[in-house]
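# Examining the three-dimensional arrangement
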Amino acid sequence: MGREFEAKIFQSGNSVALRLPKALGLKAGDMMRVRQEHGNLIAAPMASRNEYIDLEGIYGSVPGISRPPCDENPRDWDVGRQNG
């Protein structure tokens, strides 16, 4: 079994929050997935939403696609601005 810490639940607006010790290595804004299982709460870190897949390098590697298709043609809303 891993390390064990005490944590305090407190009121935060209309919700309750759990204050976790800094020693756990979490940062403000980290996302956690929480579930209830047999009366116990289980929390696990989620992957950061800031992570993304960079597709820039594959444009030339797929036959028939040399750049993003949306760059070639104006969008409907762009055409309206040009005429008005």
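That block above? That's the structure.
Not measured: the values here are computed from a predicted model. (Residues numbered from 1 in each chain as written. Predicted model: local features only at pLDDT ≥ 70, side-chain atom pairs only at ≥ 80, totals over all residues. Heavy atoms only, no water.)

Summing up its helical and strand segments, the protein chain has one helix and four strands in all. Order of helices (α) and strands (β) in the protein chain, N terminus to C terminus: β-β-β-β-α. Relative to its full complement of 84 residues, the protein chain shows a buried share of 1%. Here the contacts in the protein chain between residues at least 6 apart in sequence split such that 0% fall between residues at least 24 apart. (Helix = DSSP H or I, 4+ residues; strand = E, 2+ residues; numbered from the N terminus. Buried < 20%, exposed > 50% of the residue type's maximum accessible area, 1.4 Å probe, protein only. Contact = heavy atoms within 4.5 Å.)

Below, the discussion takes up the pattern of salt bridges. For the structure on display, the rule yields two salt bridges. Here Asp-30 makes a salt bridge to Lys-27, at a shortest N to O gap of 3.8 Å. Salt-bridge contacts for Glu-37 lead to Arg-35; the nearest nitrogen and oxygen are separated by 3.0 Å. (Salt bridge = Lys/Arg side-chain N within 4 Å of Asp/Glu carboxyl O.)

Aromatic ring pairs: the centre-centre distance and the angle between the two ring planes describe each pair. The tally for this structure, following the rule as stated, stands at zero aromatic pairs. In this structure, Arg-19 is placed above the aromatic ring of Phe-10, and the distance from its NZ or CZ to the ring centre is 4.3 Å. (Phe/Tyr/Trp six-rings, centres within 6.5 Å; stacked < 30°, edge-to-face > 60°. Lys NZ or Arg CZ within 6 Å of the ring centre and 35° of its normal.)

All right, on to the environment of Met-32 then. Along the polypeptide, Met-32 turns up in strand E3 (residues 32-37). Judged by relative accessible area, which is 27%, Met-32 ranks as partly exposed. For the pair Met-32 and Met-46, spaced 14 residues apart in sequence, the C-alpha separation works out to 5.2 Å. What Met-32 contacts, discounting residues up to four positions off in sequence, is Leu-26, Ala-43, Ala-44, Pro-45 and Met-46.

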